[in-house]
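What follows is each chain in one-letter form.
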Amino acid sequence: MPLKVEKRRYKDGSRSSTYYMRGTISGKEIFRSTFKTKLVEANKVADTLTREYEETAEVQKVEGNTKLLIEAAVYYFKAGGERRYLEPLMETLGMHLLTEVDQVFLDSKGRELMPSVVNATLVRQFYTPLIALHRFSAIRGWCPAKIFTKPKIKEPATDWAELDWFHTFWQHCDADMFRITIFLPYTGCRISECLALEWEDVRLKGKSAYIRKTKNGEPRTVNLPDVLVEALSGVPEVLRTGKVFPWKNYSSVNRRIKSTVKKIKEEHGITIKYLTTHKIGSHTYGTWMLRETDLGIKGLVDTRRWKDLRSAMRYAHTSTSSANKKSDNLPTINMCKIRAGEAK
């Protein structure tokens, strides 16, 4: 496809003085300035660049045919690519050529290597890392760019905690567990963000905490409601150094929650469902913020906990929308007359 030439739009709504070209040529993504202020001249620059890339495309394809997945992975890792799931795959797939990777390859190898996992796991541990590696390679001209599809994932229903759950749980958990399970729903932080939080980034008097390490790499400041300030103030000042919470990883926190729920049932005969830190935190925060405030979906994104509307939309069904509440204006029914009729 030809490169698209247009002026760049900035966040404040203004546009650049020069034209930019954007698109893909022979598997390489292009986004750069033409350094031209006139559209005619900018289009000439884009046409010239397109010819140059297309003239070398065949050479690049030949080079790609000789490159193995494991060779591409080495460069991918050096560039900072995620190792967690891709590295184990290279043990069995590393000697395949990049050009062998197509939709049939992914579908057959995926089920061959992971025959019993659900689609969500297959996508996360197989499709996503291999497609990322292939895209990385195509951008560098090692193989032609391709479009892949992933298995459909059934989105699980959003589950969250209500205050009754917390009241029961907090009556039977220790102080550290109380503090983290009150921090999660009142800030919406991910468990990884909580466990990375240092006391030096917590301002109890200012009712805020600075979250340095986030999933999307963009630090943010969260508000600390009064109940949370009170809970954190229970830690003696002399102990407010280093990490705020004592656990090393999310699984250890989830195990403690599960054991506490089990203890409540065995020792007190009270049954409450086990909820993971993600449900106690993100899901509960998103649900409460929609239900108890007038933020709306866009307002959830404005909290900076979610990056876009699509991510926040999963909480739309957890509260009654303003449009739904219009049903209060429907014609009323005289229940007294109805009951009188039933009595006859």
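Look a little higher up for the structure.
Conventions adopted
- Residues numbered from 1 in each chain as written.
- Predicted model: local features only at pLDDT ≥ 70, side-chain atom pairs only at ≥ 80, totals over all residues.
- Heavy atoms only, no water.
- Pairing = 2+ DSSP bridges.
- Helix = DSSP H or I, 4+ residues; strand = E, 2+ residues; numbered from the N terminus.
- 1 Å grid on protein atoms, 1.4 Å probe; cavity = no way out; pocket = protein on both sides within 12 Å on 5 of 7 lines; lining within 4 Å.
- Points joined across faces, edges and corners; volume = space filled by probe spheres on them.
- Nonpolar A, V, L, I, M, F, W, Y, C, P; charged D, E, K, R; others polar.
- Buried < 20%, exposed > 50% of the residue type's maximum accessible area, 1.4 Å probe, protein only.
- Contact = heavy atoms within 4.5 Å.
- Axes fitted to C-alpha atoms, helices over the stretch in contact; angles between N-to-C directions.
- Phe/Tyr/Trp six-rings, centres within 6.5 Å; stacked < 30°, edge-to-face > 60°.
- Lys NZ or Arg CZ within 6 Å of the ring centre and 35° of its normal.
- Arc of directions from axis to C-beta.
- Expected span 1.5 Å × (residues − 1).
- Bend = angle between axes of the 7 residues up to and from the residue.
- Parallel < 35°, antiparallel > 145°, perpendicular 65-115°, else oblique.
- Left-handed = near helix turned anticlockwise from the far one by under 90°.

Student: Can you help me understand the sheet that holds strand β4 (residues 202–203) in this one?
Tutor: Backbone hydrogen bonds hold the strands of a sheet together, and the pairing may be parallel or antiparallel. Taking strand neighbours across the sheet as the criterion, the three strands line up as β4-β5-β6 in an open arrangement whose pairing is antiparallel. Both outer strands of the open sheet, β4 and β6 (220–223), are each paired with one neighbouring strand and no more. Two strands pair when backbone bridges link them, and β4 and strand β5 (residues 208–211) are joined in this way by two bridges, in the antiparallel orientation. Looking at β5, one finds that R203 is bridged to S208.

Student: What am I meant to see in the layout of surface pockets here?
Tutor: The space that makes up the largest pocket amounts to roughly 1,900 Å³. For the largest pocket, the lining is made up of 38 residues, of which R124, R190, K215, H278 and R314 are closest to its centre. Of all the elements in the fold, those that place two or more residues in the lining of the largest pocket are α5 (119–139), α8 (191–196), α11 (277–292) and α13 (309–312). Of all the elements, α5 adds the most residues to the lining of the largest pocket, at six residues. Grouping the amino acids of the lining of the largest pocket by side-chain chemistry returns 14 nonpolar, ten polar and 14 charged.

Student: In this structure, what is going on with the side chain of T287? I would like to understand it.
Tutor: Within the fold, T287 resides in helix α11. The class of T287 is buried, set by a relative accessible area of 0%. Beyond its immediate sequence surroundings of up to four residues, T287 is in contact with W160, Y315 and T318.

Student: Looking at this structure, how should I read the sheet that holds strand β1 (residues 4–9)?
Tutor: Across the sheet, three strands lie side by side as β1-β2-β3; this open sheet has antiparallel pairing. The sheet terminates laterally at β1 and β3 (28–33), the two strands that pair on one side only. Here the average twist between neighbouring strands, direction ignored, is 30°. As paired strands, β1 and strand β2 (residues 15–25) are joined by five bridges and run antiparallel to one another. Looking across to β2, one finds that E6 is bridged to Y20.

Student: I would appreciate a short explanation of the packing of aromatic side chains in the present structure.
Tutor: Each aromatic ring pair is characterised by the separation of its centres together with the angle its planes make. Tallied over the entire structure, the rule returns 13 aromatic pairs. Relative to F169, the ring of W165 lies with its centre 4.9 Å away and its plane at 10°, an arrangement referred to as stacked. Of the two residues, W165 and F169 are both situated in helix α6 (residues 163–170); the distance of four residues between them amounts to about one turn of the helix. We note that W165, like F169, is buried. By way of ring pairs, the aromatic residues W165, F166, F169, W170, F178, Y186 and W288 are connected into one cluster. Here R8 stacks its cationic end above the ring of Y20, 5.6 Å away from the centre of that ring. Taking NZ or CZ as reference, R240 lies 5.9 Å from the ring centre of W199, over its face.

Student: Would you mind going over helix α2 (residues 69–78) with me for this structure?
Tutor: Two residues of an α-helix separated by three or four positions point the same way, owing to the 3.6 residues in each turn. Within α2, burial applies to L69, A72, A73, Y76 and F77. Here the buried residues of α2 occupy an arc of 135° about the axis, which is enough to place them on one side.

Student: So what exactly am I meant to see when it comes to α11 here?
Tutor: Counted at 1.5 Å a residue, the expected span for α11 with its 16 residues is 22 Å, and the 21 Å between its end C-alpha atoms agrees. Bending of α11 peaks at approximately 35° at the position of T284. All buried positions along α11 are accounted for by T277, I280, G281, S282, H283, T284, Y285, G286, T287, W288 and L290.

Student: Help me understand the packing of α6 against helix α7 (residues 175–187), please; the structure alone is not making it clear to me.
Tutor: Two numbers describe a pair of packed helices, the interaxial angle and the distance between the axes. At a closest axis distance of 10 Å, the pairing of α6 and α7 adopts a crossing angle of 165°. Between α6 and α7, the crossing angle belongs to the class labelled roughly antiparallel. As α6 runs across α7, the sense of the crossing is left-handed. On α7, the residues touching L163, F166, F169 and W170 of α6 are M177, F178, T181, I182, P185 and Y186. Each residue belonging to the contact of α6 with α7 can be placed in one class, and the counts come to nine nonpolar, one polar and no charged.

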